[in-house]
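If you want the building blocks of each chain, they are given just below.
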Amino acid sequence: DYVVHEEVYAIVTADGWIKRIRQNNELSATRLREGDSVLHAHPLTTLDWVVFVTNYGLLYSIKASEFPSSSGYGNPIQKTLKFKDGERIVRSFGVHSNEDSQGMIPGTGNGAQFLKDGDTVLLLTSKGLGFGLKLDNLLMTRKSGRKLISLRSGDTLAAICHLSEKTSMFSEQGFGLTV
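Residue indices begin from 1 for each chain and proceed along its sequence in written order. pLDDT decides what is reported in this predicted model: residues at 70 or higher carry local features, side-chain atom pairs at 80 or more are listed and counted, and totals for whole chains, interfaces and linings draw on all residues regardless. Calculated side-chain values reflect all of the structure's heavy atoms, with hydrogen atoms and water omitted.

## Considerations on the overall build of the protein chain
Helix and strand definitions here come from DSSP, where helices need a minimum of 4 consecutive H or I residues and strands a minimum of 2 consecutive E residues; each element is numbered from the N-terminal end. The helix and strand tally for the protein chain stands at zero helices and 13 strands. Starting at the N terminus and walking to the C terminus, you meet the elements of the protein chain as β-β-β-β-β-β-β-β-β-β-β-β-β. Against the 2.2 N^0.38 benchmark of 16 Å for 179 residues, the protein chain shows a C-alpha radius of gyration of 16 Å, consistent with a compact globule. Along the first, second and third principal axes, the C-alpha atoms of the protein chain reach 45 × 35 × 30 Å. Put simply, the protein chain has 179 residues, and 42% of those count as buried. By definition, residues are in contact when any of their heavy atoms lie within 4.5 Å. In the protein chain, of all internal contacts separated by at least 6 residues, the share reaching a separation of at least 24 is 61%. Only the protein chains shown count as covering a residue, and every accessible area follows the Shrake-Rupley method with a 1.4 Å probe. For the protein chain, the exposed surface amounts to about 10,400 Å²; the carbon and sulfur share of it is 48%. None of His or the chain ends enter the tally, which takes Lys and Arg as positive and Asp and Glu as negative. Charge positions are represented by NZ for Lys, CZ for Arg, CG for Asp and CD for Glu. Here the protein chain contributes 20 positively and 19 negatively charged side chains, and the mean placements of these two sets differ by 6 Å. This radius of gyration counts C-alpha atoms alone. The globule rule is 2.2 Å times how many residues there are, raised to the power 0.38. A simple rule labels every residue: compare its accessible area, found with a 1.4 Å probe on the protein chains alone, to the largest value its type can have, and call it buried under 20%, exposed over 50%, or partly exposed in between.

Have a look at this one:
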């Protein structure tokens, strides 16, 4: 398929809606459903990818060009991917299709919103379990997802982040840990 190469924002909302707008549009003026908020706005091109990690510990990936181009609310993620009942997006990351890219957010100097094969992430569950995982074959997923973590009954994936030299975690009760 022929895909027009253009710079876009791939927008993911907290309620699981996705859409694509051009980067020359004002990001703060994007339309959202009442009570919804932007979870991530990935500055990408239409040739790049977005990966999603859900509360069920599954990883999904779709091309930025597959995000609906919309000045409205966009579409629910379930229209594009096969989410299970109760499944929701915990975190999304951009993945550059061009391996020469540095994985940086323009103007920020960090690549925290981007992943590439070989990156190590920290997975944390709602019951306090966590471990590091080296990612590979990020774009090799099915529409039904790829399992990153096996969860115990009643547990869900609560957070995922890049594992760096110093990563700190804090509980709601004020306890902390640096690894």
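Now that the structure has been shown, the text picks up again.
## Looking at the sheet that holds strand S11 (residues 157–162)
A sheet is described by the order of its strands in space; here three strands give the open sequence S9-S8-S11, paired in antiparallel fashion. Each edge of the open sheet is held by one strand with a lone partner, namely strand S9 (130–134) and S11. Strand-to-strand twist across the sheet, computed as the mean angle between neighbouring axes with direction ignored, equals 25°. Two strands are counted as paired when DSSP detects at least two bridges linking them. Bridge count for strand S8 (residues 120–125) against S9 is five bridges, and the pairing is antiparallel. Residue pairing for S9: Thr120 is matched across the bridge by Lys134. Angles run from 0 to 180 degrees between N-to-C directions of axes, and those axes are lines fitted to C-alpha atoms, restricted for helices to the stretch in contact.

## So, the environment of Ile149
Along the chain, Ile149 falls in the loop between strand S10 (146–147) and S11. Placed 26 residues apart in sequence, Ile149 and Leu123 show a C-alpha to C-alpha distance of 8.2 Å. Here Ile149 is in contact with Tyr56, Gly57, Leu123, Thr125 and Phe131, once residues within four sequence places are set aside.

## Observations concerning the sheet that holds strand S3 (residues 38–45)
The four strands lie next to each other as S3-S1-S2-S6, forming an open sheet whose pairing is antiparallel. What marks the edges here is a single partner per strand, and that holds for S3 and strand S6 (75–76). Bridge count for strand S1 (residues 7–13) against S3 is seven bridges, and the pairing is antiparallel. Along S3, the bridge assignment pairs Ala10 with His42.

## Observations concerning the pairing of strand S4 (residues 49–54)
For S4, the tally of buried residues reaches six of six residues, placing the bulk of the element in the interior. A two-sided burial pattern is seen for S4, the buried positions comprising Trp49, Val51 and Val53 on one face and Val50, Phe52 and Thr54 on the other. Pairing analysis gives five bridges linking S4 to strand S5 (residues 58–63), with the strands arranged antiparallel. Looking across to S5, one finds that Val51 is bridged to Ser61. Where S4 folds back onto S5 in an antiparallel hairpin, the turn is made up of three residues, including Gly57, whose phi is positive at roughly 80°.

## Here's the deal with the side chain of Thr30
Along the polypeptide, Thr30 turns up in the loop between strand S2 (17–22) and S3. For Thr30, a relative accessible area of 16% puts it in the buried group. Side-chain atoms alone can form a polar contact between residues adjacent in sequence; in general such a contact is a pair of N or O atoms within 3.5 Å, and within protein one must be able to donate a hydrogen while the other accepts it. Within the structure, the side chain of Thr30 is placed 2.5 Å from the side chain of Lys19, a separation counted as a polar contact.

## What about the pattern of salt bridges?
Close approach of charged atoms allows side chains of opposite charge to pair. By convention in these notes, a salt bridge is any Lys or Arg side-chain nitrogen within 4 Å of a carboxyl oxygen on Asp or Glu. Per the stated rule, a full pass over the model turns up two salt bridges. For Glu6, the salt bridge is made with Arg22, and the minimal N-O distance between the two is 3.1 Å. Of this pair, Glu6 sits in the segment before S1 while Arg22 is found in strand S2, placing the two residues 16 residues apart along the sequence. Here Glu6 falls in the partly exposed class, since its relative accessible area comes to 23%. You can call Arg22 partly exposed: its relative accessible area is 49%. Here Asp119 and Lys116 are joined by a salt bridge, their closest N and O atoms 3.1 Å apart. Asp119 sits in the buried class, given a relative accessible area of 11%. Residue classification places Lys116 among the exposed residues on the basis of a relative accessible area of 53%.

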